[in-house]
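# Residue-level structure breakdown
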Amino acid sequence: MSLNQLLPAVSQLSHQDKLRLIHFLLLAVAKEEGCNLESTESTNIRNPEDLLLKELASTEAVVWSPYEAYEAAQTLSNLLEAAKKEGDA
């Protein structure tokens, strides 16, 4: 089934079923990436929204920031200078 076929069905789901779908997809993608978001503690939580929030809270995410990324700033500056010389900026 393609995404275009799936989207109309997803839009008809209830709010709670959409959250369950998000939860299912999150666990599936995490598993593909080698992460296990399911924990033994999560079985005590009955509300799927609380379960999803608890699992998200216990997951670490790496966020890149340009703060103190001097090489990136210099590279961007070089690209902008080159674009100015070519008349693209």
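Being a predicted model, the structure only gives us computed values, none of them experimental. Residue positions are counted from 1 within each chain, in the order its sequence is given. Where totals are concerned, whole chains, interfaces and linings use all residues; where local detail is concerned, this predicted model gives features only for residues with pLDDT of at least 70, and gives and counts side-chain atom pairs only at 80 or more. With hydrogens and water excluded, all non-hydrogen atoms of the structure serve as input to the side-chain values.

## So, helix α2 (residues 15-32)
Under the scheme used here, helices are H or I runs from DSSP no shorter than 4 residues and strands are E runs no shorter than 2 residues, and both carry numbers assigned from the N terminus. A helix is expected to span 1.5 Å multiplied by its residue count minus one. The end-to-end C-alpha distance of α2, which contains 18 residues, comes to 26 Å, matching closely the 26 Å that a straight helix rising 1.5 Å per residue would cover. The buried label applies to any residue whose accessible area, calculated with a 1.4 Å probe on protein chains only, is under 20% of its type's maximum; exposed applies above 50%, and partly exposed to all values in between. Among the residues making up α2, those that are buried are L19, H23, L27 and A30. Buried residues of α2, seen end-on, are gathered within an arc of 75 degrees and therefore sit on one face of the element. Exposed residues pointing more than 90 degrees away from the buried face of α2 are listed as F24 and E32. Directions from the helix axis toward the C-beta atoms define the arc.

## What to know about the packing of α2 against helix α3 (residues 48-57)
Interaxial angles span 0 to 180 degrees and are taken between N-to-C directions of axes, which are lines fitted to C-alpha atoms, for helices over the stretch in contact. Contact pair α2 / α3: the axes reach a minimum separation of 10 Å and the direction vectors enclose 30 degrees. One way to sum up the angle between α2 and α3 is to call them roughly parallel. Relative to α3, the crossing made by α2 is left-handed. Two secondary-structure elements touch here, α2 through H15, Q16, L19, R20, I22, H23, L26 and L27 and α3 through P48, E49, L51, L52, E55 and L56. Here is the rule for angles: anything less than 35 degrees is roughly parallel, anything more than 145 is roughly antiparallel, 65 through 115 is roughly perpendicular, and the remaining ranges are oblique. Note on convention: near helix rotated counterclockwise from far helix by under a right angle means a left-handed crossing. Clockwise means right-handed. In this description, contact between two residues means that some pair of their heavy atoms is separated by no more than 4.5 Å.

## Let's talk about the pattern of salt bridges
Salt bridges are defined by distance alone: a side-chain nitrogen of Lys or Arg within 4 Å of a carboxyl oxygen of Asp or Glu. According to the stated counting rule, one finds one salt bridge in the structure shown. One salt bridge in this structure joins R20 and D17, with 2.9 Å as the shortest N-O distance. Within this pair, R20 and its partner D17 are both found in helix α2, separated by three residues, close to a single helical turn. Overall, the relative accessible area of 30% leaves D17 in the partly exposed class.

## Structural notes on a nonpolar patch on the surface
Only residues whose relative accessible area exceeds 30% and that form no salt bridge are eligible for patches; like-charged ones are grouped when within 9 Å, while nonpolar side chains (Val, Leu, Ile, Met, Phe, Trp, Tyr) are grouped when within 5 Å. Note on areas: Shrake-Rupley, 1.4 Å probe, and residue coverage restricted to the protein chains presented here. On the surface, a nonpolar cluster with roughly 460 Å² of combined accessible area is contributed by M1, L3, L6 and L7. Among the secondary structure elements, L7 is positioned in helix α1 (residues 3-11). Note on L7: relative accessible area 45%, which makes it partly exposed.

## Describing the environment of L21
Along the chain, the position of L21 falls in helix α2. In this structure L21 comes out as partly exposed when scored by relative accessible area, which is 27%. Along the backbone, L21 and V10 are 11 residues apart, and their C-alpha atoms lie at a distance of 8.7 Å. With near-sequence residues (within four places) excluded, L21 lies in contact with V10 and L13.

## So, the confidence of the model for the chain
Per residue, pLDDT measures the predictor's confidence, with a range of 0 to 100. Scored by pLDDT, the chain has a mean of 80; 87% of the residues are at 70 or more. Least confident of the elements in the chain is α3, whose mean pLDDT is 76; most confident is α1, at 91.

## Quick word on the environment of H23
For H23, a relative accessible area of 15% corresponds to the buried category. Taking C-alpha positions, H23 is 8.8 Å from E49, a pair spaced 26 residues apart along the chain. Contact partners of H23, with chain neighbours within four places excluded, come to L51, L52 and E55.

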